[in-house]
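Take a look at the letters that make up each chain.
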Amino acid sequence: LDPYLAVLQVLRPKLVFEWGPGLNSWLATGSGASVIAVESQERYVPKGIDPTRFTCRVIPVKAPEYVVPTATADLFFVDGRRRSECLRAVHAVCPMHAVLCLHDAQRKKYQKALRVFEHGYYMARGLCVVSKSQSVLANLVSIWEGLAK
C-alpha cells in the first residue's frame, strides 16, 4: 500500500493543501478530498483532474506568496520548491488536528524545518508525516503499522 494513500484513507481529509501537484493530487481527489495546489510552473500542473475537486494556482517560486497556505486544510502535502519555508508557514497556521506530509523528507536540508512540528514519523524513507497533535499522529501510525505487516 502506498503510504500517502494510507494517510488519505485513515485521515479522510475534506481539504488537502499541497505544493507540487502530481500523483499526490490524483490520489487525494480519488479518495474524495478537494485539493488546492500551488505550482511554480504551468507545465507541471496536472491535466484532467476533476475541476470541482482540484484547483491549482501558478505562483513564481521566488514570490513571497508562494509559501503562504491560502486555506486551512486537514492535510498538507509538501513536494514543491522552498519546502522548509512551506513547513514553517504551515506550522504557523494549521489546526491541531492537521497532518503534514513531506516528500523527500530524508534530505538533511529539511530536518531543522521538520522539527518545528512536535510529532513526526517516517512512513517510508522519503515520506515523513508530522503534526502538532500526538494523538492524531499516533492513530495514523498505529493503523499504518498494522497495514504494513
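Here is a short report on the structure shown in this document. Computed from a predicted model, the values in this text were never measured in an experiment. (Residues numbered from 1 in each chain as written. Predicted model: local features only at pLDDT ≥ 70, side-chain atom pairs only at ≥ 80, totals over all residues. Heavy atoms only, no water.)

**Some points on the overall build of the protein**
And step 1. Check the secondary structure of the protein and you find 5 helices and 7 strands.
And step 2. What you see in the protein, going N to C, is helices and strands ordered as α-β-α-β-β-β-α-β-α-β-β-α.
And step 3. Taking 15 Å as the expected radius of gyration for a compact globule of 149 residues, we find that the protein reaches 14 Å, a close match to that expectation.
And step 4. Along the three orthogonal principal directions, the C-alpha set of the protein runs to about 40 × 30 × 25 Å.
And step 5. Evaluated residue by residue, the protein yields a buried proportion of 50% over its 149 residues.
And step 6. Long-range pairs, those at least 24 residues apart, make up 46% of the contacts in the protein with a sequence separation of at least 6.
And step 7. Placing the 19 positive and 12 negative side-chain charges of the protein at their respective mean positions leaves the two points 6 Å apart. (Helix = DSSP H or I, 4+ residues; strand = E, 2+ residues; numbered from the N terminus. Rg over C-alpha atoms; globule rule 2.2 N^0.38 Å. Buried < 20%, exposed > 50% of the residue type's maximum accessible area, 1.4 Å probe, protein only. Contact = heavy atoms within 4.5 Å. Lys, Arg positive; Asp, Glu negative; His and termini not counted. Charge placed at Lys NZ, Arg CZ, Asp CG, Glu CD.)

**With respect to the nonpolar core**
And step 1. Ranked by internal contacts, the top residues of the largest apolar core, which has 27 residues, are Trp19, Tyr66, Phe76, Leu100 and Leu102.
And step 2. Mapped onto this core, the elements with two or more residues apiece are β1 (15–19), β4 (75–78), α3 (83–93), β5 (99–103), α4 (111–114) and β7 (127–131).
And step 3. Not counting residues within four places of it along the chain, the set of residues in contact with leucine 100 comprises Phe76, Val78, Leu87, Val90, Phe117, Cys128, Val129 and Val130.
And step 4. Core analysis: the second largest hydrophobic core is formed by 24 residues, Tyr4, Val7, Ala28 and Met123 among them. (Core = buried A, V, L, I, M, F, W, Y, C linked by side-chain atoms within 4.5 Å.)

**Re the pairing of strand β6 (residues 119–124)**
And step 1. Pairing analysis gives 5 bridges linking β6 to β7, with the strands arranged antiparallel. Paired with histidine 119 across the strands is serine 131, a residue of β7.
And step 2. Hairpin connection, β6 to β7: the antiparallel pair is bridged by 2 residues. (Pairing = 2+ DSSP bridges.)

**Focus on the sheet that holds β1**
And step 1. As summarised here, the arrangement of the 7 strands in space is β3-β2-β1-β4-β5-β7-β6, forming an open sheet in which the pairing is mixed. Of all the strands in the sheet, just β3 (54–58) and β6 have a single pairing partner and so form its edges. Mean inter-strand twist for the sheet, computed between neighbouring axes without regard to direction, equals 20°.
And step 2. Relative to β4, β1 runs parallel, the two sharing 4 bridges. From the neighbouring strand, glutamate 18 faces β4, where its bridge partner is phenylalanine 77.
And step 3. Together, β1, β4, β5, β6 and β7 form the strand contacts of helix α1 (residues 3–11), whose direction differs from that of β4 by roughly 165°. (Axes fitted to C-alpha atoms, helices over the stretch in contact; angles between N-to-C directions.)

**A word on the packing of α1 against helix α5 (residues 134–148)**
And step 1. Two elements in contact, α1 and α5, have axes separated by 10 Å at closest approach and are oriented at 125°. Looking at the two axes, α1 sits oblique to α5. Handedness of the crossing formed by α1 with α5: right-handed. Judged by residue contacts, Pro3, Ala6, Val7, Val10 and Leu11 of α1 engage Val136, Asn139, Leu140, Ile143, Trp144 and Leu147 from α5.
And step 2. Looking at the contact of α1 with α5 residue by residue, the classes come out as 10 nonpolar, 1 polar and no charged. (Parallel < 35°, antiparallel > 145°, perpendicular 65-115°, else oblique. Left-handed = near helix turned anticlockwise from the far one by under 90°. Nonpolar A, V, L, I, M, F, W, Y, C, P; charged D, E, K, R; others polar.)

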